[in-house]
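These are the residues of each chain, in order.
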Amino acid sequence: MILTDHETKIDLLNNEAIATTIIGLLRERPDRPVTIGVHGDWGAGKSSVLEMIEGGLSGNGDVLCLKFNGWRFQGFEDAKIALIEGIVTGLVEKRPALTKAAGTVKDVFNSIDWLKVAKNAGGLALTAFTGIPTPDQIGAIVSTLEGVLADPGQLATKENLSSAISGVKAILKPSETKNVPEEVEAFRKAFDKLLKDAGVEQLVVLIDDLDRCLPDTAIETLEAIRLFVFTARTAFVVAADEAMIEYAVRKHFPDLPETTGPRDYARNYLEKLIQIPFRIPALGETETRIYVTLLLAGAEVGEDDAGYLELIKAARERLKRPWESAPLDAAAVNTALGENASKAHNALMLSDQIGPILASGAKGNPRQIKRFLNTLLLRQKTADARGFGDEIKLPVLAKLMLAERFLPSLFDQIATVAVTHPMGRCTDLAALEKVDVTDDANSRNPSTKPKAADGKELKGTGVIAAAITESAILTEWKSSQSILAWARVQPSIAEIDLRPYLFVTKDKKDYFGPASVLGHLAVVAEKLLGPKLSVQTLESELKQLAQPEAEKLFEAVRTKIMSGDTFDSQPAGIEGMVVLVKAQPTLQSRLLDFLNALPSSRCGPWVVGGWQSVFKDTDVLARLDRLLDGWSKVTSNQMLKLAAEAAIKTPKGGR
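For the structure given in this document, a descriptive report is provided here.

What counts, and where the lines are drawn
- Residues numbered from 1 in each chain as written.
- Predicted model: local features only at pLDDT ≥ 70, side-chain atom pairs only at ≥ 80, totals over all residues.
- Heavy atoms only, no water.
- Salt bridge = Lys/Arg side-chain N within 4 Å of Asp/Glu carboxyl O.
- Helix = DSSP H or I, 4+ residues; strand = E, 2+ residues; numbered from the N terminus.
- Buried < 20%, exposed > 50% of the residue type's maximum accessible area, 1.4 Å probe, protein only.
- Pairing = 2+ DSSP bridges.
- Axes fitted to C-alpha atoms, helices over the stretch in contact; angles between N-to-C directions.
- Expected span 1.5 Å × (residues − 1).
- Contact = heavy atoms within 4.5 Å.
- Core = buried A, V, L, I, M, F, W, Y, C linked by side-chain atoms within 4.5 Å.

### Quick notes on the pattern of salt bridges
Within the structure shown, the criterion is met by 23 salt bridges. Glu201 is paired through a salt bridge with Arg27; the nearest N and O atoms lie 2.6 Å apart. You can see Glu201 sitting in the loop between helix H7 (180–197) and strand S3 (202–208) and its partner Arg27 sitting in helix H1 (residues 16–28), a full 174 residues away along the chain. Residue Arg27 is classed as partly exposed on the basis of its relative accessible area, which comes to 23%.

Structure below.
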């Protein structure tokens, strides 16, 4: 059950109202040229609106609707010519009556040929907006091209030049002396006559995915549309994110001034071309919950199911006034789906559960909502395939994924604690999930004493105790409104073994590495990566560690430092490593092994100083002297060499 991400003619978002409005505008004055914009972020539903417009016009024989995907012109040498020729070709193919109007068809294609010649002639001619070359200009082009055939490398291959000359001669009519505006007007008149001969009352061209194109392709497509802007009976509906089109204008015309009066040129360009803009609104909470219900229910019972179509009708009634309507409830689902209602149980539960945060986090974007649901369902299927699907409850996974997607720091903290807990729990969640508005106000009171997960006041201030109870983390969580809103999402997960859920999210980060070995010391390892003044306060607590614990902690910090792979300046964790070794002298050899393994060609001067206060054992000090001597002889790192030479000459001092 994976949700497709293609445009759809089934309206789950009540965008049919936009499509109906646009169709009404198009048909109000079919003889009038018009350009309409359907704007919205990627995934807002622009393509689906175009599908609805196409479907709404399909039964009208007086209207010819052609659809083009701007992205498909991406590979064309000239997207402008490709679109113009595509429109005319589509018109000829879909109106057989034009076989009797061969002369008109020829005139239109001759005009297109002028544009092709301009391209083949190496850009000597101007575009359709500044004009088509006059016969005198073309004659000059022919002479120039014929003159360079002996050395075709000057402009292009011999074959291309010959083709260009043939094209020019084929349409050159020396007796004609039309100027540039007359040539443009001639194309428009010929095209208008073509529409009449075809019996087309109105040509509607739908342009999709323009905001996915590179700037040059997007601008060429818009320029092709401009050629038709004053051609009667021709309408364009352009689906694009206006911000992306404005970006394309700025990239294509980099020398334009930033602004003209209160508006910038990019916005003026777009507004001059798009006469009537429509922007698809983002989904609110009620709309998101209805959308989630419809998506999941449709995936379960099938989009062709009669009951599902009834459910869509019920949803549309509520979407007419979402500010005062409730989401789909069990009664509405039971009435519509009948015996299949049980299949939509998860759909209802999930929409109630994740709708509010998903609406806010995904900013009401249908594609982002659908991607979240697909990831949720895919992870459940992965758990089934691995053999632990029974341990994955969809509501629990959904709640964790909301944190993963919209509160990544919270998710990371929960995961780090849960994988080290003997029962896979994050105990602080128990207190967090019980917080109400009053508790929230108290949590921000500086005088409030930290409490453990069971609500009792903490005893002692040791770092190891803090690592276990994590009261500092709980205080931080309770100060965030977004985290509190997430905590109120059902179900409660404080008493649930989260390890299966975290394992199925390993596609982004593996929490079952060093943290699972460290156990409750994982939080201490994080603290050792802090600044010098902070880690120095940990020494007395670190002295209480057993040797195996100290070794695990050292290895965790060492791994973190080495994974950063940046040694030109002192990495985070070095000060923590020093404090740990001072507290646990048996780690001296491990620290020296670490220093010896550093890449000398990339180490900064920091690496040579201050270790004498850490190293006390005679054999370790001897090894340090040999290491400094080696660094003083490196040829690939002058700064390290000079620092090591100075350290050898300097009396032994402390860090």
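Next, the rest of the story.
### Quick word on the sheet that holds strand S2 (residues 63–69)
Spatial strand order, S2-S3-S4-S1-S7: five strands in an open sheet with parallel pairing. Each having just a single partner strand, S2 and strand S7 (276–279) make up the two edges of the open sheet. Looking at each pair of strands side by side, their axes are set apart by 15 degrees on average, direction ignored. With five bridges connecting them, strand S1 (residues 34–39) and strand S4 (residues 234–239) associate as parallel partners. Bridge pairing in S4 places Thr35 opposite Phe236.

### Some thoughts on the pairing of S4
Burial runs high along S4: six of the six residues are buried. Inspection of the sheet shows S3 paired to S4 by five bridges, in the parallel sense. Across the sheet, residue Leu206 finds its bridge partner in S4, namely Val237.

### Concerning helix H16 (residues 394–406)
If you check H16, its first and last C-alpha atoms are 18 Å apart, about what 13 residues at 1.5 Å a residue would give, namely 18 Å. Where burial is concerned, most of H16 is hidden: 11 out of the 13 residues are buried. If you check which residues of H16 are buried, you get Leu394, Pro395, Val396, Leu397, Ala398, Lys399, Leu400, Met401, Leu402, Ala403 and Glu404. Buried residues belonging to H16 abut helix H14 (345–361), helix H15 (366–386), helix H17 (408–418), helix H22 (481–487) and helix H23 (499–504).

### Some thoughts on the nonpolar core
Most often, soluble globular proteins keep nonpolar side chains buried together rather than apart. Of all hydrophobic cores here, the largest spans 72 residues; its most connected members are Leu294, Leu311, Leu429, Leu432, Trp477 and Trp486. Not counting residues within four places of it along the chain, the set of residues in contact with Leu294 comprises Leu12, Tyr308, Leu311, Ile312, Ala315 and Leu328. Formed by 46 residues, the second largest nonpolar core is a distinct cluster that contains Ala550, Val579, Leu587 and Leu595.

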